[in-house]
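# Coordinate inspection notes
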Amino acid sequence: MSKRITKEEGVKLLREYNTPEHVIRHCIAVTDTACKIAEAINAAGGSLDIQLITGAAIIHDIARVEKDHEKVGAQYAESIGLSEEAGIIRKHMRYPGFSRIDEVNEADMVCLSDRVVKEDRYVGIDERIEYIVDKARKGGKGEDVIREIYTKKEETKEFIHDIEKLTGRSFDDICG
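Presented here is a report on the structure given in the accompanying data block. (Residues numbered from 1 in each chain as written. Predicted model: local features only at pLDDT ≥ 70, side-chain atom pairs only at ≥ 80, totals over all residues. Heavy atoms only, no water.)

Attention now moves to the overall build of the protein chain. Within the protein chain one finds 9 helices and 2 strands. Scanning the protein chain from its N terminus toward the C terminus, one meets helices and strands in the order α-α-α-α-α-α-β-β-α-α-α. Relative to the globule expectation of 16 Å for 176 residues, the C-alpha radius of gyration of the protein chain, 15 Å, shows essentially globular dimensions. The 176 residues of the protein chain split such that 47% are buried. Counting only contacts in the protein chain whose residues sit at least 6 apart along the sequence, the fraction spanning at least 24 positions is 63%. Carbon and sulfur atoms provide 48% of the accessible area of the protein chain, an area that totals close to 8800 Å². Here the protein chain contributes 28 positive and 35 negative side-chain charges, whose respective centroids are spaced 4 Å apart. (Helix = DSSP H or I, 4+ residues; strand = E, 2+ residues; numbered from the N terminus. Rg over C-alpha atoms; globule rule 2.2 N^0.38 Å. Buried < 20%, exposed > 50% of the residue type's maximum accessible area, 1.4 Å probe, protein only. Contact = heavy atoms within 4.5 Å. Areas by Shrake-Rupley, 256 points an atom, 1.4 Å probe, with all protein chains shown as cover. Lys, Arg positive; Asp, Glu negative; His and termini not counted. Charge placed at Lys NZ, Arg CZ, Asp CG, Glu CD.)

With that settled, consider helix α7 (residues 125-138). With 14 residues, α7 ought to run about 20 Å at 1.5 Å a step, and its terminal C-alpha atoms sit 20 Å apart, in line with that. Within the sequence span of α7, burial applies to Ile125, Arg128, Ile129, Val133 and Ala136. For α7, the angular spread of the buried residues around the axis is 135°, confining them to a single face. Opposite the buried face of α7, at more than 90 degrees from it, the exposed residues are Lys135 and Lys138. Next to the buried residues of α7 lie α2 (21-43), α6 (106-116), β1 (117-118) and α8 (143-167). Positive backbone phi, approximately 80°, marks Gly140, located one or two places after α7. (Expected span 1.5 Å × (residues − 1). Arc of directions from axis to C-beta.)

At Asn18, a position not held by glycine, the phi torsion is positive, near 65°. One can find Asn18 in the loop between α1 (7-16) and α2. For Asn18, a relative accessible area of 65% corresponds to the exposed category. In this structure, Asp68 takes a positive phi of about 50° despite not being glycine. With respect to the secondary-structure elements, Asp68 resides in the loop between α3 (50-58) and α4 (69-79).

Reported here for the largest pocket is a volume of approximately 1000 Å³. Taken together, 27 residues make up the lining of the largest pocket; nearest its centre are Met93, Arg128, Ile132, Lys135 and Ile149. Sorting the residues of the lining of the largest pocket by element identifies α6, α7 and α8 as the ones contributing at least two each. Its residues placed into classes, the lining of the largest pocket shows 10 nonpolar, 5 polar and 12 charged. (1 Å grid on protein atoms, 1.4 Å probe; cavity = no way out; pocket = protein on both sides within 12 Å on 5 of 7 lines; lining within 4 Å. Points joined across faces, edges and corners; volume = space filled by probe spheres on them. Nonpolar A, V, L, I, M, F, W, Y, C, P; charged D, E, K, R; others polar.)

So, about the pattern of salt bridges. A side chain with one charge may pair with a side chain of the opposite charge, provided their charged atoms come close. Taken as a whole, this structure holds 21 salt bridges when the rule is applied. Here Lys7 ties to Asp32 by a salt bridge, and the two come within 2.7 Å at their closest N and O atoms. With Lys7 in helix α1 and Asp32 in helix α2, this pair connects stretches of sequence that are 25 residues apart. What makes Asp32 partly exposed here is its relative accessible area of 33%. For Glu155, the salt bridge is made with Lys152, and the minimal N-O distance between the two is 3.6 Å. Taken together, the positions of Glu155 and Lys152, both in helix α8 and 3 residues apart, correspond to about one turn of that helix. Members of the salt-bridge network, linked through shared partners, are Arg4, Asp49, Glu84 and Glu85. (Salt bridge = Lys/Arg side-chain N within 4 Å of Asp/Glu carboxyl O.)

This paragraph deals with the environment of Ile88. Looking at the element boundaries, Ile88 is found in helix α5 (residues 83-91). Taking the C-alpha atoms as reference points, Ile88 and Gly55, separated by 33 residues in sequence, lie 9.9 Å from one another. Sequence-distant contacts of Ile88, defined by excluding residues within four places in its chain, comprise Leu52, Ala56, Glu106, Ala107 and Val110.

What follows is the structure in structure tokens.
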């Protein structure tokens, strides 16, 4: 097993890296949400590594102020011995797709949580995606990018539905 970090150790790393406070609050909210989802899945028979989820989620945006922050953050995590966390951080911005529910993994948890947390609170997929679309439009992104965001939203909704079926709980109940 690789080295793991706690949420508290992750917050310390974020501060040492000079991550802005609002990003630190976001990372904490993503961590809390990801762990709630994972715990609900584990209670329904899953076997997710909560410590790995915690470590990856708490520092997933450590380098958010930098260009290609997911690559820079992953390199940093790798450099301090957090190789599994680095793998999750590296793909959190362009996650290729969620696993089938019977093959759910730790990266699914971090990426899902990042898609349902706006700033420092759980808001659900609809509000979060509208926020992302608004930012993309203001940033001059084309309609092809907007379509891709909405495609990812639908994939995320299907995954959320699978989690609800597995756990017998509403996603808002799990995350709220």
